[in-house]
Amino acid sequence: MMSDLLLAYSEAHTTPEPPVLAGLNRETHLSQVYPQMLSGHLQGALLRMFCQMIRPERVLEIGTFTGYSAIAMGLGMTSPPAFAGMPSPGTLAGMPSPGALAGMPSPGALAGMPSPRTLAGMPSPPTPLPQERGGVLLHTVEVNRELEDGIRKFIHEAGLEDRIVLHIGEALEIIPLLNEVWDLVFIDADKPNYLNYYNMVLPLIRPGGFIIADNVLWDGKVTGDPAKMDKDTRGIVEFNKFVHQDERVENLILPVRDGLMVIRKI
Ligand SMILES: C[S@@+](CC[C@H](N)C(=O)[O-])C[C@H]1O[C@@H](n2cnc3c(N)ncnc32)[C@H](O)[C@@H]1O
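Colleague: Honestly, the overall build of the protein chain in this entry has me stumped. Any pointers?
Modeller: Counting secondary structure elements, the protein chain contains nine helices and seven strands. For the protein chain, with 266 residues in total, the buried portion stands at 34%. Within the protein chain, counting contacts between residues at least 6 apart in sequence, those at least 24 apart form 68% of the total.

Take a look at the structure:
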């Protein structure tokens, strides 16, 4: 979709890959048959930045592979364990908050203004503070047991063992066992099940929460002849059509890399 030249330019003008992700990227290319399944530098930076914007407390990832996107999102999730039990960074007297450092008002600086949860004029139930929910957590599900040791090694190297919970097994069996309300779900596993994952997780997402689904342009095959589509392409096409017609959500296809569907639960 994007020329190699523009891709190289974009990567060169994006905050460099954190060393742990660069190492994981390299090792995945050396050890895996399909290393291109990994999100990579640009998409990883985008997922990290989404997390910095949304500030989710609970993230679910479906499809870990070697752990790149899980670690990228984990690095972007705020309220690290170091802050547990302390006021949020934005309210620490005398200390610049991350937002203030970037020259932008921090959430703490916006005190007194209605929060996004109340802007619609609808009172919402009080949201427990991150520390009341046990800190920020990302659950990630991977069916391929052979990947487990490598994933755990890099979660450890990233210092995210307290934040990332790895589940090995079938996503459709594991998700119902996780008793959580999700702020963000990243769908990136087997394509024929995309719609099943969507239907399973949408009721578990808080209003205003997000789903991001990867590969929704599927190397351009989504615009091909429907009669000649393989099972994976049909799964993606069915998912894209259903989401677009679903009145419970707003959606946007970002033509980044292989296409990211960004979905907001209304
Ligand atoms: C595209 S890769 C994920 C890439 C990863 N999210 C990243 O960006 O680095 C898809 C992964 O989903 C896993 N997967 C496929 N079917 C699954 C299932 N039913 N349950 C859980 N994981 C599954 C595959 O084994 C594979 O590792």
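Colleague: Please clarify how helix 2 (residues 19-31) should be interpreted in this entry.
Modeller: An α-helical turn contains 3.6 residues, so any two residues separated by three or four positions project in the same direction. When the terminal C-alpha atoms of helix 2 are compared, their 18 Å separation across 13 residues agrees well with the 18 Å that a helix rising 1.5 Å per residue should span. Every buried residue of helix 2 is listed here: Val20, Leu21, Leu24 and Thr28. Considered in projection along helix 2, the buried side chains sweep an arc of 95 degrees and stay on one side of the axis. For helix 2, exposure combined with an orientation more than 90 degrees from the buried face picks out Pro19, Ala22, Arg26, His29 and Leu30. Elements in contact with the buried residues of helix 2: helix 3 (40-54), helix 4 (68-76) and helix 6 (148-157).

Colleague: I'm lost on the confidence of the model for the protein chain in this one. Help?
Modeller: Atom-level detail of predicted coordinates should not be read off regions where pLDDT is low. Summary statistics for the protein chain give a mean pLDDT of 86 and a share of 79% for residues scoring 70 or more. Here residues 80-125 scores under 50 on pLDDT; set against residues more than four positions off or in separate chains, the count is 35 contacts.

Colleague: Please clarify how the pairing of strand 3 (residues 164-168) should be interpreted in this entry.
Modeller: Two faces belong to every sheet, and in a regular strand the side chains alternate between them. Sheet analysis places strand 2 (residues 137-142) next to strand 3, joined by five bridges and oriented parallel. Within strand 3, the position partnered with threonine 140 by the bridge is leucine 166.

Colleague: Explain the packing of helix 2 against helix 4 to me, please; I cannot follow it from the model alone.
Modeller: As a packed pair, helix 2 and helix 4 sit with axes 10 Å apart at the nearest point and diverge in direction by 175 degrees. The orientation of helix 2 relative to helix 4 falls into the category roughly antiparallel. Across from Val20, Leu21, Leu24 and Asn25 in helix 2, the residues of helix 4 making contact are Tyr68, Ile71 and Ala72. By residue class, the composition of the contact of helix 2 with helix 4 is six nonpolar, one polar and no charged.

Colleague: Sorry, what's going on with the nonpolar core here?
Modeller: The tendency in soluble globular proteins is for nonpolar side chains to be buried as a group. Counting 55 residues, the largest nonpolar core has Ile71, Met73, Val185, Ile187, Ile211, Ile212 and Ala213 as its most contacted members. A total of six residues in this core trace back to one element, the largest contributor, which is helix 4. Contacts of alanine 213, omitting those with residues within four sequence positions, involve Ile187, Tyr194, Phe239 and Met261.

Colleague: When you look at the site of the ligand in this model, what are you seeing that I'm missing?
Modeller: Ser39, Gly63, Phe65, Tyr68 and Ser69 are the nearest of the 16 residues found near the ligand. Mapped by element, the contributors of at least two residues to the shell around the ligand are helix 4 and strand 2. Counted by class, the shell around the ligand contains eight nonpolar, four polar and four charged residues.

Colleague: Mind showing me how you'd approach unusual backbone geometry here?
Modeller: Phi is mostly negative for residues that are not glycine, and the peptide bonds are mostly trans. Residues other than glycine seldom take positive phi values, yet arginine 55 does so here, at roughly 55 degrees. In this fold, arginine 55 is placed in the loop between helix 3 and strand 1 (58-62).

Colleague: It is not clear to me how the environment of methionine 2 should be interpreted in this structure. Could you clarify?
Modeller: Along the chain, the position of methionine 2 falls in the segment before helix 1 (4-12). The partly exposed category is assigned to methionine 2, around which 13 C-beta atoms lie within 10 Å. Spatially, the C-alpha atoms of methionine 2 and aspartate 258 are 9.9 Å apart, while their sequence positions differ by 256 residues.

Colleague: Is there a simple way to think about the sheet that holds strand 6 (residues 249-254) in this case?
Modeller: Sheet strands pair by backbone hydrogen bonding; their relative direction is either parallel or antiparallel. The seven strands lie next to each other as 3-2-1-4-5-7-6, forming an open sheet whose pairing is mixed. Of all the strands in the sheet, the pair left with one neighbour each is strand 3 and strand 6. Across the sheet, the axes of successive neighbouring strands diverge by a mean angle of 15 degrees, strand direction being ignored. Here five bridges tie strand 1 to strand 2, and the two strands are oriented parallel to one another. Bridge pairing links glutamate 61 to threonine 140 in strand 2. Each of strand 1, strand 2, strand 3 and strand 4 (182-187) is contacted by helix 4, which is oriented at about 175 degrees to strand 2, the strand it contacts most. Its contacts with the sheet put helix 8 (residues 194-201) on strand 1, strand 4 and strand 5 (205-214), and the angle it makes with strand 4 is roughly 175 degrees.

Colleague: Quick question: what am I supposed to make of the packing of helix 8 against helix 9 (residues 231-245) here?
Modeller: Helix 9 packs onto helix 8 with a crossing angle of 35 degrees between their chain directions and a minimal axis gap of 8 Å. Taken together, the residues of helix 9 that come into contact with helix 8 (itself represented by Tyr194, Leu195 and Tyr198) are Gly235, Ile236, Glu238, Phe239, Phe242 and Val243. A per-class count over the contact of helix 8 with helix 9 returns seven nonpolar, one polar and one charged.

Basis of the calculations
- Residues numbered from 1 in each chain as written.
- Predicted model: local features only at pLDDT ≥ 70, side-chain atom pairs only at ≥ 80, totals over all residues.
- Helix = DSSP H or I, 4+ residues; strand = E, 2+ residues; numbered from the N terminus.
- Buried ≥ 20, exposed ≤ 12 C-beta atoms within 10 Å, placed from the backbone.
- Contact = placed C-beta atoms within 7 Å.
- Expected span 1.5 Å × (residues − 1).
- Arc of directions from axis to C-beta.
- pLDDT = per-residue confidence, 0-100.
- Pairing = 2+ DSSP bridges.
- Axes fitted to C-alpha atoms, helices over the stretch in contact; angles between N-to-C directions.
- Parallel < 35°, antiparallel > 145°, perpendicular 65-115°, else oblique.
- Nonpolar A, V, L, I, M, F, W, Y, C, P; charged D, E, K, R; others polar.
- Core = buried A, V, L, I, M, F, W, Y, C linked by C-beta atoms within 7 Å.
- Near = placed C-beta within 6 Å.

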